[in-house]
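Observations on the model geometry
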Amino acid sequence: MSHISKKYDLHCHSTASDGELRPAELMQLAADKGIEAIALTDHDVTDGLKEAAEAAAGLGLEFISGVEISVTWRAKHLIHIVGLNFDINNAALQQGLSGLRQQRDARAEEMAKRLEKKAKIDNVLEGVRQYANGKILSRTHFGHFLYNEGHVKTLQDAFDRYLGEGKPAYVKSEWSPLEEAVDWITEAGGVAVIAHPARYKLSATKLRGLIEDFKACGGLGIEVVSGSQNRNDSRNIAEYCKRYDMHASIGSDYHGPSQSWLKMGAIPPLPSGCTPIWEAWNEIKAVNGSAA
Ligand code: AMP
Ligand code: MN
Ligand code: MN
Ligand code: MN
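Now for a description of the structure that goes with this document. (Residues numbered from 1 in each chain as written. Chains lettered and ligands numbered in written order. Predicted model: local features only at pLDDT ≥ 70, side-chain atom pairs only at ≥ 80, totals over all residues. Heavy atoms only, no water.)

So, on to the overall build of the protein. A tally of helices and strands in the protein yields ten helices and eight strands. Over its C-alpha atoms the protein spans a radius of gyration of 19 Å, differing by no more than 12% from the 19 Å that the globule rule assigns to 292 residues. For the protein, the C-alpha atoms occupy an extent of roughly 65 × 45 × 40 Å along the three principal directions. Here the protein, with 292 residues, has 53% of them falling under the buried criterion. When contacts within the protein are restricted to residue pairs at least 6 apart in sequence, those whose partners lie at least 24 apart make up 71%. Only carbon and sulfur atoms are counted for the fraction: they give 48% of the accessible area of the protein, which is about 13,700 Å². Taking the 33 positively charged and 38 negatively charged side chains of the protein as two groups, their mean positions are separated by 7 Å. (Helix = DSSP H or I, 4+ residues; strand = E, 2+ residues; numbered from the N terminus. Rg over C-alpha atoms; globule rule 2.2 N^0.38 Å. Buried < 20%, exposed > 50% of the residue type's maximum accessible area, 1.4 Å probe, protein only. Contact = heavy atoms within 4.5 Å. Areas by Shrake-Rupley, 256 points an atom, 1.4 Å probe, with all protein chains shown as cover. Lys, Arg positive; Asp, Glu negative; His and termini not counted. Charge placed at Lys NZ, Arg CZ, Asp CG, Glu CD.)

Okay, structure coming up:
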């Protein structure tokens, strides 16, 4: 029997973090573009999920809870771990996310100081806050501030000149250890996924190390198809996914209309031969259901 899969998007951002559309607007756009099942995965915060879930229900979209957690792996690599299909009221998860938001606040203050000193811009933090609607400050908000106030020519330029790793306003932070982030998600009944693995520019040895460490602490999935990876990356990551017997995830990483190169609903499907991540949570449900 052939199974025609629903059209899934398991990675996108709203105004609760660094996206440009409100959760309900994002759900409407997804439905308009033919998405049938969606997870909202804001950075280190779940505030958008309630509004998104309600909007999705009204649109006949299957909704999956999501979050994208900032992780520091092996003391120096910034890695993003997506959590999917968890209980949003889980105390340990929420406490963990709250700690990460404190880190973000401290980092934002330091970034603002550096921009004031090195780029001679005044009142940076107040300025950046005008571009943030939720309770987190992201480098994206700094980028929108720098761009809209005419300090850089494009958003990319803001990262190239100031915000990217090693640039004058880049502040290295201690995010969550990999194992903790995976634990929070798993304890909350969800599944953990390595987001856009090709974006970290890891050597093959390091990428294997990341997947092995992740798997050892209970991680189940890898984003094979991502709006921030190209087709070659996808093919390559699909091979890792099969070799390590991981589930494959798919998500646009859509942030809003100013990402002119990325349209909602336009990413290719999972390559054949990959075991989709939604089978992982169906299995978890079956196990929990039979144990109850
Ligand atoms: P943060 O989590 O605050 O460190 O910010 C990282 C976010 O910045 C990512 O989730 C992207 O949305 C955005 N970002 C990172 N690099 C770039 C870039 N080169 N151009 C535009 N946005 C970027
Ligand atoms: Mn982002
Ligand atoms: Mn990310
Ligand atoms: Mn993302």
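Donor atoms from the polypeptide that bind the manganese ion (ligand 2) are Asp18 (OD), His43 (NE2) and His255 (NE2), placed at 2.1 to 2.2 Å. The sequence pattern describing where the donors of the manganese ion (ligand 2) fall on their chain is D-x24-H-x211-H. Taken as an interatomic distance, the gap from the manganese ion (ligand 2) to the manganese ion (ligand 3) is 5.6 Å. Placement of Asp18 in the loop between strand S1 (8-9) and helix H1 (23-32) and of His43 in the loop between strand S2 (37-40) and helix H2 (49-59) is noted, with a sequence separation of 25 residues between them. We classify Asp18 as buried; its relative accessible area is 4%. Residue classification places His43 among the buried positions, given a relative accessible area of 6%. (Donors = N, O, S within 2.8 Å, 3.2 Å for Na, K, Ca; no water.)

Turning our attention to the site of ligand 1. Asp18, His43, Arg104, Arg107, Ser138, Arg139, Thr140, Gln156, Phe159 and His255 make up every residue found near ligand 1. A distance of 2.9 Å separates an oxygen atom of ligand 1 from a polar atom in the side chain of Arg104. Side-chain polar atom of Thr140 to an oxygen atom of ligand 1: 3.2 Å apart, as the coordinates give it. (Near = heavy atom within 4 Å. Polar contact = N/O pair within 3.5 Å; in protein donor to acceptor, adjacent residues only side chain to side chain.)

Let us look at the coordination of the manganese ion (ligand 4). Surrounding the manganese ion (ligand 4) are the protein donor atoms His11 (NE2), His13 (NE2), Glu68 (OE) and Asp253 (OD), at 2.1 to 2.2 Å. Counting residues between consecutive donors of the manganese ion (ligand 4) along the chain gives the motif H-x1-H-x54-E-x184-D. In this structure, the manganese ion (ligand 4) is positioned 4.6 Å from the manganese ion (ligand 2). One exposure class covers both His11 and His13, and it is buried.

Before going further, it helps to spend a moment on the nonpolar core. Grouped together as the largest cluster of nonpolar side chains are 71 residues, with contacts concentrated most on Ile69 and Leu84. Listed in part, the 20 residues of the second largest apolar core include Met111, Ala119, Ala132 and Val152. (Core = buried A, V, L, I, M, F, W, Y, C linked by side-chain atoms within 4.5 Å.)

Turning to the pairing of strand S7 (residues 221-226), a few remarks are in order. The buried fraction of S7 amounts to six of the six residues, a majority that puts the element mostly inside the structure. As paired strands, strand S6 (residues 191-194) and S7 are joined by two bridges and run parallel to one another. Bridging across to S7, Ile194 finds its partner in Ile222. In this view, the connection linking S6 to its parallel neighbour S7 by way of helix H8 (residues 204-216) has right-handed handedness. The parallel pair S7 and strand S8 (residues 247-251) is bridged by helix H9 (residues 231-243), and the resulting crossover is right-handed. (Pairing = 2+ DSSP bridges. Right-handed = clockwise from strand over helix to strand, strands pointing away.)

Bringing the pairing of S2 into the picture now. Judged by which residues are buried, S2 turns out to be covered on both faces: Ala37 and Ala39 on one side and Ile38 and Leu40 on the other are all buried. Pairing of S1 with S2 involves two bridges; the strand directions are parallel. Each bridged residue has a counterpart across the sheet, and for Asp9 the counterpart in S2 is Ile38. Read from S1 through H1 to S2, the crossover connection turns out right-handed. Note that S2 and strand S3 (residues 62-73) share four bridges and pair parallel. Its bridge partner being in S3, Ala37 is matched across the sheet by Glu62.

Our focus in this paragraph is H2. For H2, the full list of buried residues reads Leu49, Ala52, Ala55 and Ala56. Projection of H2 onto a plane perpendicular to its axis shows the buried side chains occupying an angular sector of 135 degrees, all on one side. Residues of H2 that are exposed and point more than 90 degrees away from the buried face comprise Lys50, Glu54, Ala57 and Gly58. Turning to H2, the residues buried within the fold contact H1, S2 and S3. At the C-terminal side of H2, Gly60 shows a positive phi close to 70 degrees. (Arc of directions from axis to C-beta.)

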